[in-house]
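Coordinates in review
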Amino acid sequence: MVIKSTKKIHRFPMTETKFKRRRPPKFELIGGNLALDSVNTLDDRPSGHPKELLTNFYELARFGEDAGILTGADVDRFYINVHLDPDEAGDAVRRAIHLREAMYAVFSALMKKQTVPQPALDTLNVYIRDAAQHTRLMQKDGRCELRYNEMTSRYSAMLWPIARAAADLLTSSDMALLRACSSATCQWLFLDTSKNHHRRWCSMKVCGNREKVRKFYAKKTTA
Ligand SMILES: [Zn+2]
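**What to know about the overall build of the protein chain**
- Helix and strand counts for the protein chain come out as seven helices and seven strands.
- Counting contacts in the protein chain only where the partners sit at least 6 residues apart, residues at least 24 apart contribute 63% of the total.
- Of the accessible surface of the protein chain, which amounts to about 12300 Å², a share of 55% is contributed by carbon and sulfur atoms.

Structure, rendered in structure tokens:
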């Protein structure tokens with residue numbers, strides 16, 4: 001089912017537009033890139049007990065809002081209509097996870113200077129092709145902008161800018177800045193844009209602080 005929308009074309013990135021937030025942010029967007037923030041929606045990946053953050057369409061839409069892909073009004077409209085077609089909404093979540101895992105496999109292989117698994121690259125290419133089919137160049141104020149058709153009418157449309165962000169990053173010199181959090185149980189991905197390129201943690205508040213506490217107690221025990 002396609003939700004009726006008043007807007008046919010969606011401007012990207014939405015972060016450039018001002019819109020009123022309806023909900024407080026829920027996702028920690030520390031990746032410095034939309035594709036990496038999307039990869040980080042599986043928490044504690046290497047712990048053996050990963051925590052899925054995209055448990056249903058509501059969470060996926062919420063991620064879209066936090067990441068600036070959807071406006072609060074877009075998310076409201078999805079929330080109102082989602083019960084009309086739970087199968088398509090559920091499929092969007094499955095596809096989001098499918099894309100995410102392909103992105104993770106490709107990014108992590110390149111970060112470790114390993115060969116990229118071809119099936120993951122093939123999967124990513126499927127989503128990039130899908131995104132390209134909905135991408136249009138539009139004129140605005142003497143310049144051109146990339147926009148997406150049907151961005152607010154299809155449940156899985158938010159995967160288009162995510163796939164596009166992955167393609168842009170993978171072909172950019174910023175890949176040299178790709179790092180994983182030093183916490184053995186976290187390993188969230190981010191771009192290290194710090195001055196000296198010595199950033200170790202996804203967030204000082206979370207993993208950096210946990211390490212400080214661990215070191216403090218280790219010191220006390222040996223003292
Ligand atoms: Zn971390």
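Following the structure, the description resumes.
**Overview of the pairing of strand S5 (residues 143-149)**
- Bridge analysis of strand S4 (residues 135-140) against S5 gives six bridges, and the strand direction is antiparallel. In the strand pairing of S5, Gln139 is matched with Cys144.
- Between S4 and S5, which pair antiparallel one after the other, the connecting turn spans two residues, and Asp141 there sits at a positive phi close to 50°.

**Concerning the environment of Val39**
- If you trace the backbone, Val39 turns up in helix H1 (residues 34-39).
- For the pair Val39 and Ala105, spaced 66 residues apart in sequence, the C-alpha to C-alpha distance is 9.7 Å.
- Discounting residues that sit within four places of it in the chain, Val39 has contacts with Arg45, Arg100, Met103, Tyr104, Phe107 and Leu189.

**Overview of the coordination of the zinc ion**
- Within the protein, Cys181 (SG), Cys186 (SG), Cys202 (SG) and Cys207 (SG) serve as the donor atoms for the zinc ion, at 2.3 to 2.4 Å.
- What the four donor atoms of the zinc ion show is an angle range of 104 to 116° at the metal, which sorts the shape as tetrahedral.

**A look at the layout of surface pockets**
- Taken as a whole, the second largest pocket spans an internal volume of roughly 230 Å³.
- In terms of lining, the second largest pocket is formed by 14 residues, of which the most central are Glu28, Asp43, Lys51, Leu53 and Trp188.
- The element contributing the most residues to the lining of the second largest pocket is helix H7 (residues 204-222), with three residues.

**Thoughts on the side chain of Arg147**
- Topologically, Arg147 is positioned in strand S5.
- A residue is classified by how much of its surface remains accessible, and Arg147, at 15% relative accessible area, is buried.
- For Arg147, the side chain forms a polar contact with the side chain of Glu145, separated by 3.4 Å.

**Thoughts on the environment of Ala184**
- Within the secondary structure layout, Ala184 lies in the loop between strand S6 (178-180) and strand S7 (189-191).
- According to the relative accessible area criterion, Ala184 is exposed, its value standing at 57%.
- Considered as a pair, Ala184 and Asp44 are 140 residues apart in the sequence and their alpha carbons are 8.7 Å apart.

**Some details on the pattern of salt bridges**
- This model, assessed by the stated rule, comprises 14 salt bridges.
- Put simply, Arg45 and Glu101 hold a salt bridge, and the shortest N to O gap is 2.7 Å. Note that Arg45 is positioned in the loop between strand S2 (42-43) and strand S3 (51-52) and Glu101 in helix H4 (residues 86-111), a separation of 56 residues in sequence.
- Here Arg164 and Asp168 are joined by a salt bridge, their closest N and O atoms 3.3 Å apart.

**Observations regarding the packing of aromatic side chains**
- Tallied over the full model, the rule gives six aromatic pairs.
- Plain terms: the ring middles of Phe78 and Tyr155 are 5.5 Å apart, the flat faces sit at 40° to each other, and that makes the pair tilted. Highlighted residues: Phe78 in helix H3 (residues 72-81) and Tyr155 in the loop between S5 and helix H6 (159-170), separated in sequence by 77 residues.
- Joined through ring pairs, the aromatic side chains of Phe57, Phe78 and Tyr155 make up one cluster.

Calculation criteria
Residues numbered from 1 in each chain as written. Predicted model: local features only at pLDDT ≥ 70, side-chain atom pairs only at ≥ 80, totals over all residues. Heavy atoms only, no water. Helix = DSSP H or I, 4+ residues; strand = E, 2+ residues; numbered from the N terminus. Contact = heavy atoms within 4.5 Å. Areas by Shrake-Rupley, 256 points an atom, 1.4 Å probe, with all protein chains shown as cover. Pairing = 2+ DSSP bridges. Donors = N, O, S within 2.8 Å, 3.2 Å for Na, K, Ca; no water. Tetrahedral: all angles 85-135°; square planar, octahedral: opposite > 155°, others 65-115°. 1 Å grid on protein atoms, 1.4 Å probe; cavity = no way out; pocket = protein on both sides within 12 Å on 5 of 7 lines; lining within 4 Å. Points joined across faces, edges and corners; volume = space filled by probe spheres on them. Buried < 20%, exposed > 50% of the residue type's maximum accessible area, 1.4 Å probe, protein only. Polar contact = N/O pair within 3.5 Å; in protein donor to acceptor, adjacent residues only side chain to side chain. Salt bridge = Lys/Arg side-chain N within 4 Å of Asp/Glu carboxyl O. Phe/Tyr/Trp six-rings, centres within 6.5 Å; stacked < 30°, edge-to-face > 60°.

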